[in-house]
Amino acid sequence: MPITDDAGLDRLLDAETIAVVGCSTTPGKAAHDVPAYLQKQGYRIVPVNPFAEEVLGEPAYDALGDVEEEVDLVDVFRPSEEVPEIVDAVRERHAERGDAGAVWLQLGISHDEAAAAAEADGIDVVQDHCLKVEHGRLRG
């Protein structure tokens, strides 16, 4: 089952490096403002956006598999119908590199089947929750 309790959510906030799939270059969009907030809170943000060279002063990667540094948490700002493909990339990365141990699907984004597959591989999953809101509520 996806994580919904405060203790589980807070545990995921111990992440240091967050890959943001769908990170936007446009201020005012949640996919830009949430990672910017997290960056200001001390998290290392790794943007994954094939249409940008840089976001928030960090080099952007075309795909999660291209990210060289270790990733603790994958934050997803893509439509629910794209979640299975993204979660497959997380599962592959987790199996090959041992990192990317958690996937956080932002507010309004969920996919129960993909979440179950990730959990079967030992990956924590949060669905339909805003990382910024939960950080502010639990650690603000």
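Our structure's up above, just so we're on the same page.
Summarised in this report is the structure supplied together with it. (Residues numbered from 1 in each chain as written. Predicted model: local features only at pLDDT ≥ 70, side-chain atom pairs only at ≥ 80, totals over all residues. Heavy atoms only, no water.)

1. Details of the sheet that holds strand β5 (residues 73–76)
For step 1, the next point in the chain: Read across the sheet, 5 strands follow the order β2-β1-β5-β6-β7 without closing on themselves; strand pairing throughout is parallel. With one partner strand each, in any of the chains shown, β2 (44–48) and β7 (124–126) form the two edges of the open sheet. Geometrically, the sheet is characterised by an average inter-axis angle of 20 degrees between neighbouring strands, direction not taken into account.
For step 2, the next point in the chain: In this sheet, strand β6 (residues 102–105) lies alongside β5 in parallel orientation, the contact comprising 4 bridges. Its bridge partner lying in β6, D75 is registered against W104.
For step 3, the next point in the chain: Against the sheet, helix α2 (residues 30–40) contacts β1 (17–21), β2 and β5, and its axis sits at roughly 155 degrees relative to β2. (Pairing = 2+ DSSP bridges. Helix = DSSP H or I, 4+ residues; strand = E, 2+ residues; numbered from the N terminus. Axes fitted to C-alpha atoms, helices over the stretch in contact; angles between N-to-C directions. Contact = heavy atoms within 4.5 Å.)

2. Considering the packing of helix α3 (residues 83–97) against helix α4 (residues 112–120)
For step 1, the next point in the chain: Packing of α3 against α4 brings their axes to within 9 Å, and their N-to-C directions diverge by 10 degrees. On the basis of the axis angle, α3 is roughly parallel to α4. For the pair α3 and α4, contact is made by V83, P84, V87 and R91 and by A114, A117 and A118, respectively.
For step 2, the next point in the chain: Looking at the contact of α3 with α4 residue by residue, the class counts come to 6 nonpolar, no polar and 1 charged. (Parallel < 35°, antiparallel > 145°, perpendicular 65-115°, else oblique. Nonpolar A, V, L, I, M, F, W, Y, C, P; charged D, E, K, R; others polar.)

3. Some points on α3
For step 1, the next point in the chain: Between its terminal C-alpha atoms α3 stretches 20 Å, which fits the 21 Å expected from 15 residues at 1.5 Å a residue.
For step 2, the next point in the chain: Where α3 is concerned, the buried positions are V83, I86, V87, V90 and R93. End-on view of α3: buried residues confined to an arc of 120 degrees, all on one side of the axis. Exposed residues pointing more than 90 degrees away from the buried face of α3 are listed as E85, A95 and E96.
For step 3, the next point in the chain: In the stretch just after α3, G98 is the one whose phi turns positive, near 80 degrees. (Expected span 1.5 Å × (residues − 1). Buried < 20%, exposed > 50% of the residue type's maximum accessible area, 1.4 Å probe, protein only. Arc of directions from axis to C-beta.)

4. A closer look at the pairing of β1
The two faces of the sheet receive side chains in turn, since in a regular strand these alternate between them.
For step 1, the next point in the chain: Where burial is concerned, most of β1 is hidden: 5 out of the 5 residues are buried.
For step 2, the next point in the chain: Pairing of β1 with β2 involves 5 bridges; the strand directions are parallel. When the sheet's bridge partners are listed, V21 is paired in β2 with V48.
For step 3, the next point in the chain: At this point the chain moves from β1, through α2, to the parallel β2, and the crossover so formed is right-handed. (Right-handed = clockwise from strand over helix to strand, strands pointing away.)

5. Examining the side chain of S24
For step 1, the next point in the chain: Mapped onto the secondary structure, S24 falls in the loop between β1 and α2.
For step 2, the next point in the chain: A polar side-chain atom of S24 sits 3.0 Å from the main-chain amide nitrogen of T26.
For step 3, the next point in the chain: If sequence neighbours within four positions are ignored, S24 has contacts with K29, A31, H32, N49 and V55. (Polar contact = N/O pair within 3.5 Å; in protein donor to acceptor, adjacent residues only side chain to side chain.)

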